[in-house]
2 protein chains.
Amino acid sequence: MKIELAENYGFCFGVKRAIKIAEENTNAATYGPLIHNSKEIARLDNDFKVSLIEDFKAFQPGDKAIVRTHGIVKEELEDLEQSGVEVVDATCPFVTKPQEIAQEMSEEGYDVVIFGDEAHPEIKGVKSYATYGARVVTSVEELENVKLHERIALIAQTTRKVEEYMQIANYLIPRHKEVRVFNTICNATFENQDAVRKLSKKADIIIVIGGKNSSNTKQLFSIAKENCPNSHHIEDENELESEWFRDKKHCGVTAGASTPDWIIQNVINSIEKSIN
Amino acid sequence: MKIELAENYGFCFGVKRAIKIAEENTNAATYGPLIHNSKEIARLDNDFKVSLIEDFKAFQPGDKAIVRTHGIVKEELEDLEQSGVEVVDATCPFVTKPQEIAQEMSEEGYDVVIFGDEAHPEIKGVKSYATYGARVVTSVEELENVKLHERIALIAQTTRKVEEYMQIANYLIPRHKEVRVFNTICNATFENQDAVRKLSKKADIIIVIGGKNSSNTKQLFSIAKENCPNSHHIEDENELESEWFRDKKHCGVTAGASTPDWIIQNVINSIEKSIN
C-alpha cells in the first residue's frame, strides 16, 4: 500500500518557524501559549526547558521571553523590553506585516479598518499598532452608521476568507475617495483544504490527524469524506485499526493546523507496521 | 402652473467652470473643443473671441491656449508651455485629480491600472501622467492574462459606473498584496438622472432639453417617461407646443449634460409665455 501525505498539511510556515525559534532558545519562557496545542507545549517544556508564562508582569529582568505566533500588543512588547527582559520574537511574519501596515497607515493619516475578531490575540496585536486607533469589524452592518475619513486603509485577519473580506471592500470603496486594500490573508488553512480535496480523489483511504474538537481538522475530515467515504479522523496512532487498511492500495494522510509533525510521523510509522 | 427645475440638470461643475474660464480669457483659443457642444462653442467665439484650434502645433508663441475640460496629454501641455504659449488650464479638477494620482502612484512603484476607454481624451490624458506607463482596461477579461506587480493603483474614468469599477477591484484585490482603489468617479451624470427620477414622480409634465442624438439626454427622457408619460424631449424653445401645458399644474424641467444654461433659460421663458 502506498502512503501519501497531502501536498499541504499540519502546521503552517509561521508555526513551524515559532517552534524552531523556541527549540533554539532553551531556558526561555513563552508569553502565553506559543501555539494552540498543549502536547507540543508540553514537549517544548520537557525537551527544551521552554516554559509558559501567562502574565507578562511575571517576567523578571534577565529573563528571556518568546513572543508567540499571533503576536502581542505593542505596549506589552515595549514594557517587556524596557524592564530588561530579553525578547525573542516568534510572531509569524504574516502577522508582523499587518502590524506594520496598521502603524504606517495610521501615521500617514488613513482611517484604519480591520476585518477580524476583536477578541483574537492576533487582532488585539494588530490594532495596538495603529497609532491613532483602528476600527475592528466582522461585517458590513458594523460600518453602516460609522463616520470614517475620506482615506481608508483596510487590513484583514490572516485567517479570514477573502470572499468575506471583499464584502467589506465593496462597501467602503464607493463611499470613500481612496481605499487601500491590503491582502493580508494567509492561505495556509485553505491550502490544507485544497490538498486533502485533491488527495481524497485518488486515495482509497484517508487518515486525518488532529484534535477531535479542532475546527479546522473537522473541516479537513468533512472534505475527505466527500470524495473518499473510507476516511478516518484520529488524534494519534493509538486510534488506528489495522482492519481499515485491508485490501487498500493508496492511503492518504493529512493533519490539522495544530498537529505537530512528530505525531504525524508516529501515525505513519504505525500504519506502516500495521500493513506489514 | 408651477415650473420646477430638477435639483441637478445640464452642465456639470467642471463644464461650468471651463466656460467661465473661457469667458474671462477673450482672444484666446481652446486646444480642441472646450466641451462637446457646438452651439456653446460658437457663442464663445462670437461673444468672447475664444476660437478653436484643433492642432496644437498651430499655437504661436504669445498665444493663449485654453486646455479643455477633459485635459490633454502631459507631453503636449509641456510642449505648449515650452514654446512660449500662455496656457490657461480649464481641465476639470475631477480630471486633474486622477492625472495627479497616476503620476504619483507610478513614481511610487505601483502598477497603474485605469478603468476606462483608451480612445477617450480624458483617459489619454490621465494615462500620459503615469511616468512608467499604465494599463487601460474596460473589463476583467482584459486583465486575465496580464502579469502585474504586487502593488496596484486603480483609477477610474470619471464617467464610469461604480458597479462596473467594483468588478475590476474585485478581480484585482484577491490576487495582489495591495490594491489602492481611488474613487475618481464623478457622480454628475448620475445626479442628473436621480434628480429627474424624483421630479418626474411629482410633476404632470416634464420637458427634457438636449440634443436629439445626445445619449445622456435620451437617458433622462427615458427615466422621465417611466414616471410621467407626458414627457417631451426638445432641443430648444422652438419645439415647444402650448397644447402640452393645458390643465397642467406642475411642469418639471431638466437638461442633458451638454445643454448650456442660456438654452434652458430660453425654454423656461417660452413656457412662461405660453401659459399666460
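Residues numbered from 1 in each chain as written. Chains lettered and ligands numbered in written order. Predicted model: local features only at pLDDT ≥ 70, side-chain atom pairs only at ≥ 80, totals over all residues. Heavy atoms only, no water.

Going by the annotation in an unreviewed UniProt entry, the name recorded for chain A is 4-hydroxy-3-methylbut-2-enyl diphosphate reductase, with Sulfurimonas autotrophica given as the source organism. Heading Sequence similarities (unreviewed entry) of the UniProt record for chain A holds this comment: "Belongs to the IspH family." The UniProt entry for chain A carries the following text under Function (unreviewed entry): "Catalyzes the conversion of 1-hydroxy-2-methyl-2-(E)-butenyl 4-diphosphate (HMBPP) into a mixture of isopentenyl diphosphate (IPP) and dimethylallyl diphosphate (DMAPP). Acts in the terminal step of the DOXP/MEP pathway for isoprenoid precursor biosynthesis." (UniProt positions renumbered as here; feature names shortened; annotations may be inferred.)

A.B. asks: Help me understand helix H8 (residues 215–227) of chain A, please; the structure alone is not making it clear to me.
C.D. replies: Residue pairs spaced three or four apart in an α-helix point in one direction, given the helix's 3.6 residues per turn. All names here are of chain A. Of all the positions in H8, only Asn216, Thr217, Leu220, Phe221, Ile223 and Ala224 are classed as buried. Seen end-on, H8 carries its buried residues on one side only, within an arc spanning 165°. In H8, the exposed residues that point more than 90 degrees away from the buried face are Ser215 and Glu226. Here the buried face of H8 lies against helix H7 (188–200), strand E10 (205–209), strand E11 (231–234) and strand E12 (250–255). (Buried < 20%, exposed > 50% of the residue type's maximum accessible area, 1.4 Å probe, protein only. Helix = DSSP H or I, 4+ residues; strand = E, 2+ residues; numbered from the N terminus. Arc of directions from axis to C-beta. Contact = heavy atoms within 4.5 Å.)

A.B. asks: How should the packing of aromatic side chains be read in this particular structure?
C.D. replies: By convention here, two paired aromatic rings are described through the distance between centres and the angle between planes. Tallying each qualifying case throughout the model produces 10 aromatic pairs over all chains. Between Tyr31 of chain A and Phe59 of chain A, the ring centres sit 6.4 Å apart and the planes meet at 90°, which makes this aromatic pair edge-to-face. On the criterion of sequence distance, the pair formed by Tyr31 of chain A in strand E2 (residues 29–31) and Phe59 of chain A in the loop between strand E3 (51–53) and strand E4 (64–67) is long-range, its members being 28 residues apart. Here Tyr31 of chain A matches Phe59 of chain A in class, with each residue buried. Measuring from centroid to centroid gives 5.8 Å for Tyr31 of chain B and Phe56 of chain B, while their planes differ by 45°, and the two rings are tilted. One end of the pair, Tyr31 of chain B, is in strand E2 (residues 29–31); the other, Phe56 of chain B, is in the loop between strand E3 (51–53) and strand E4 (64–67), and 25 residues separate them in sequence. A residue is classified by how much of its surface remains accessible, and Phe56 of chain B, at 13% relative accessible area, is buried. An aromatic cluster is defined as three or more aromatic residues linked by ring pairs; in this entry it consists of Tyr31, Phe56 and Phe59 of chain A. The lysine or arginine in question, Arg160 of chain A, covers the ring of Phe115 of chain A, its NZ or CZ lying 5.2 Å from the ring centre. Positioned over the ring face of Tyr171 of chain B is Arg175 of chain B, at 3.9 Å from the centre of the ring. (Phe/Tyr/Trp six-rings, centres within 6.5 Å; stacked < 30°, edge-to-face > 60°. Lys NZ or Arg CZ within 6 Å of the ring centre and 35° of its normal.)

A.B. asks: Explain the environment of Glu144 of chain A here, please?
C.D. replies: Along the chain, Glu144 of chain A turns up in the loop between strand E7 (134–137) and strand E8 (151–156). Distance from Glu144 of chain A to Leu172 of chain A, taken between C-alpha atoms, is 9.9 Å for residues 28 residues apart in sequence.

A.B. asks: Help me understand the packing of helix H7 (residues 188–200) of chain B against helix H8 (residues 215–227) of chain B, please; the structure alone is not making it clear to me.
C.D. replies: To describe two helices that pack against each other, one gives the angle between their axes and the distance between the axes. All names here are of chain B. At their nearest, the axes of H7 and H8 sit 8 Å apart, and the two run at 25° to each other. The angle between H7 and H8 places the two elements in the roughly parallel class. Where H7 crosses over H8, the two elements pack in a sense that is right-handed. When H7 is examined against H8, the residues Asn192, Gln193, Val196, Arg197 and Ser200 are found in contact with a partner set consisting of Gln219, Leu220, Ile223, Ala224 and Asn227. (Axes fitted to C-alpha atoms, helices over the stretch in contact; angles between N-to-C directions. Parallel < 35°, antiparallel > 145°, perpendicular 65-115°, else oblique. Left-handed = near helix turned anticlockwise from the far one by under 90°.)

A.B. asks: Is there a simple way to explain the interface of chain B and chain A in this structure?
C.D. replies: Accessible area lost when the parts come together is the quantity often used to give the size of an interface. Contact residues are listed per partner, giving 16 residues for chain B and 16 residues for chain A. Contact between chain B and chain A buries roughly 1,400 Å² in total, counting both sides, with carbon and sulfur atoms accounting for 54%. Counting across the chain B and chain A interface gives 2 salt bridges. Arg180 of chain B is the salt-bridge partner of Glu178 of chain A, the closest N and O atoms lying 2.7 Å from each other. Where chain B packs against chain A, one counts 13 residue pairs in polar contact (both at pLDDT 80 or more). Elements supplying a minimum of two residues to the side of chain B that touches chain A: helix H6 (162–172) and strand E9 (178–182) of chain B. Here the element with the most residues in the side of chain B that touches chain A is E9 of chain B; it accounts for 5 residues. For strand E9 (residues 178–182) of chain A and E9 of chain B, the ladder comprises 5 bridges, and the chain directions are antiparallel. Among the inter-strand pairings, Glu178 of chain A is bridged to a residue of E9 of chain B, identified as Phe182 of chain B. (Buried area = accessible area lost by both parts, 1.4 Å probe. Salt bridge = Lys/Arg side-chain N within 4 Å of Asp/Glu carboxyl O. Polar contact = N/O pair within 3.5 Å; in protein donor to acceptor, adjacent residues only side chain to side chain. Pairing = 2+ DSSP bridges.)

A.B. asks: What is the right way to look at the relation of the copies chain B and chain A in this model?
C.D. replies: In this structure, two copies of a chain are linked by a rotation about an axis accompanied by a shift along it. Between chain B and chain A, which share one sequence, the superposing operator has a rotation angle of 180° and an axial displacement of 0.0 Å; the RMSD is 0.1 Å. Taken together, the rotation and translation describe the operation of a two-fold axis. Across chain B, the smallest distance between a C-alpha and the rotation axis is recorded for Arg180 of chain B, namely 2.1 Å. Take the interface residues of chain B: 100% of them recur as interface residues in chain A, which is what a same-surface contact looks like. (Least-squares fit on C-alpha atoms with pLDDT ≥ 70 in both.)

A.B. asks: I keep staring at the side chain of Arg180 of chain B and nothing clicks. Help me out?
C.D. replies: Here Arg180 of chain B lies in strand E9. A distance of 2.7 Å separates the side chain of Arg180 of chain B from the side chain of Tyr110 of chain A, its partner in a polar contact. Those residues in contact with Arg180 of chain B, other than ones at most four positions away along the chain, are Tyr110, Glu178, Val179 and Arg180 of chain A together with Met105, Glu108, Tyr110, Ile152, Ala153 and Leu154 of chain B.

A.B. asks: Which parts of the structure should I look at to understand the pattern of salt bridges?
C.D. replies: Should their charged atoms come close, side chains of opposite charge can pair. Residues and elements named next belong to chain A. Here the structure, examined in full by the defined rule, presents 30 salt bridges over all chains. A salt bridge links Glu23 to Arg43, with the nearest nitrogen and oxygen atoms 2.7 Å apart. Of this pair, Glu23 sits in helix H1 (residues 13–23) while Arg43 sits in helix H2 (residues 38–48); the two residues are 20 residues apart in sequence, bridging distant segments of the chain. Owing to a relative accessible area of 27%, Glu23 belongs among the partly exposed residues under this scheme. Among the salt bridges present, the one from Glu243 reaches Arg246, with a minimum N-O distance of 3.1 Å. Glu243 sits in the partly exposed class, given a relative accessible area of 47%.

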